[in-house]
Amino acid sequence: MFDLTLSFDNGPDPEVTPYVLDIIGKRDIQTTFFVIGEKLADPERHRLSARAQREGHWIGNHTYTHSEPLGRMRDPRAAEQEIARTQDLIGDLAHPQRWFRPFGGGGILDDRLLKRSVVDHLLAGGYSCVLWNAIPHDWDDPDKWVDRALAQCRAQAWTLIVLHDLPTGAMRHLETFLDRASDAGARFHQEFPPDCVPIRSGEIKLPIEPYVSTIEENVAP
C-alpha cells in the first residue's frame, strides 16, 4: 500500500482537461491543476479551470510562459511577469494557500527552480511552493509511462506525481494507471506530502537552498 497525490501541469487544454476531469470525477479523486498563465488568458481554457475548481480540485500557478526555469531568468521582474500575472488570471479560483509550482525543465529538482527575488516574492505574497517526488515522463513517453509511474509510487510511502493534461496521447492511459494503482493499494489524497512543500503560506518550512540559484548574486551593479 502507498499514499498517492495526483497533480496535472501545463494545462488547461480544451481537449484533454475535460477528459481528465471526467476520469478522476468518476473515481471521486481530488487533485490539483497547475496552470500556465498564457493558456488561462483564453476564456475557454479559463472556463475549464473554473469547472475543475467547482468540482473540488485545486488550481495552482505554474508560471505565465513556462519558457525557462525561474532560476535561469536574468530579468529582475521575472517574479512579477511569471508568477503575479498568472495569479491575477487565476483570481477567485485560487486556493487560500496560493499554490505555486516552479518550472523544472524536465522535472529536475535543482537550483534552476528559483532565485532569491522569486523566493522573496513567494514569501511576501503568502504563496506555498509545491515541488514533486515522481516524474514518469508522460509528456515524452506517452505510451509507456504507466509502469514507470507505478514503480515510483511503490518505491516511497507518499508520492506526489506530476502528470500533464496535454494532447500527447498520454492521458489515454490515465484510467489504466488509476486502476492499477488502486489494485496495488493506493490511498488517494488531495493534500501534498509535507516534504514536497518547502514554502507554505509565505513561510519557509524546509531548506530551500538546493532550489535557489545564485544568478542574481553574479549580476554587476
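The residue numbers shown here count from 1 along each chain, following its written sequence. Local features in this predicted model are restricted to residues whose pLDDT is 70 or higher, and side-chain atom pairs enter the listing and the counts only when it is 80 or higher, whereas totals over whole chains, interfaces and linings include all residues. Excluded from the side-chain calculation are hydrogens and water; included are all heavy atoms of the structure.

1. Thoughts on the nonpolar core
Rule in force here: Definition used in this section: a nonpolar core is a set of buried Ala, Val, Leu, Ile, Met, Phe, Trp, Tyr and Cys residues joined via side-chain atoms within 4.5 Å. Type-normalised accessible area, obtained with a 1.4 Å probe on protein chains alone, sets the label of each residue: buried when under 20%, exposed when over 50%, and partly exposed for intermediate values. Helix and strand definitions here come from DSSP, where helices need a minimum of 4 consecutive H or I residues and strands a minimum of 2 consecutive E residues; each element is numbered from the N-terminal end. We call two residues contacting when some pair of their heavy atoms lies within 4.5 Å.
Residues Leu 4, Leu 6, Phe 33, Met 171, Leu 174 and Phe 177 are the most contacted members of the largest nonpolar core, which totals 33 residues. When contributions to this core are tallied by element, the ones reaching two or more residues are β1 (2-11), α1 (16-26), β2 (32-35), α3 (43-54), α6 (145-154), β7 (158-164) and α7 (174-183). Not counting the four nearest positions on each side in its chain, Phe 33 is found in contact with Phe 8, Thr 17, Val 20, Leu 21, Ile 24, Ala 52, His 57, Trp 58, Ile 59, Gly 60 and Asp 165. In terms of nonpolar packing, the next biggest core, distinct from the first, is built from 21 residues, Phe 100, Leu 114, Ile 199 and Ile 208 among them.

2. A look at unusual backbone geometry
In this structure, Pro 12 follows Gly 11 across a cis peptide bond, with omega equal to 0°. You can see Pro 12 is positioned in the loop between β1 and α1. A positive phi angle, near 80°, is found at Asn 10, a position not held by glycine. Structurally, Asn 10 can be placed in strand β1. Overall, the relative accessible area of 10% leaves Asn 10 in the buried class. Positive phi outside glycine occurs at His 66, with the angle close to 50°.

3. A short note on the packing of aromatic side chains
Note the threshold: Stacked, edge-to-face and tilted labels apply to pairs of Phe, Tyr and Trp rings (six-membered ring for Trp) whose centres lie within 6.5 Å, assigned for plane angles under 30 degrees, over 60, and everything in between, in that order. Two conditions define a charge sitting above a ring: the NZ of Lys or the CZ of Arg must be within 6 Å of the ring centre, and it must be within 35 degrees of the ring normal.
On inspection of all chains with the given rule, the structure shows six aromatic pairs. The interplanar angle of 90° and the centroid separation of 4.8 Å between the aromatic rings of Trp 99 and Phe 192 together place this pair among those described as edge-to-face. Highlighted residues: Trp 99 in strand β4 (residues 99-100) and Phe 192 in the loop between β8 (186-189) and β9 (199-200), separated in sequence by 93 residues. Put simply, the rings of Phe 34, Trp 58, Trp 99 and Phe 192 touch in pairs and so form one group of aromatic residues. The ring of Tyr 64 has Arg 85 sitting right over it, with the charged end atom 3.6 Å from the ring centre. Here the basic side chain of Arg 98 rests over the ring of Tyr 127, its NZ or CZ set 4.4 Å away from the ring centre.

4. Things to note about the environment of Asn 61
Its place among the elements puts Asn 61 in strand β3 (residues 58-61). In this structure Asn 61 comes out as buried when scored by relative accessible area, which is 0%. Between the alpha carbons of Asn 61 and Ser 7 there is a distance of 12 Å; along the sequence they are 54 residues apart.

5. Considering helix α5 (residues 116-124)
Counted only if it meets this: This arc corresponds to the set of directions leading from the helix axis out to the C-beta atoms.
For α5, the set of buried residues is Val 118, Val 119, His 121 and Leu 122. Down the axis of α5, the buried side of the element spans an arc of 160°, and every buried residue falls inside it. Buried positions along α5 lie against α4 (78-90), β4, β5 (114-115), β6 (128-129), β9 and β11 (212-213). At the exit of α5 stands Gly 126, carrying a positive phi of roughly 70°.

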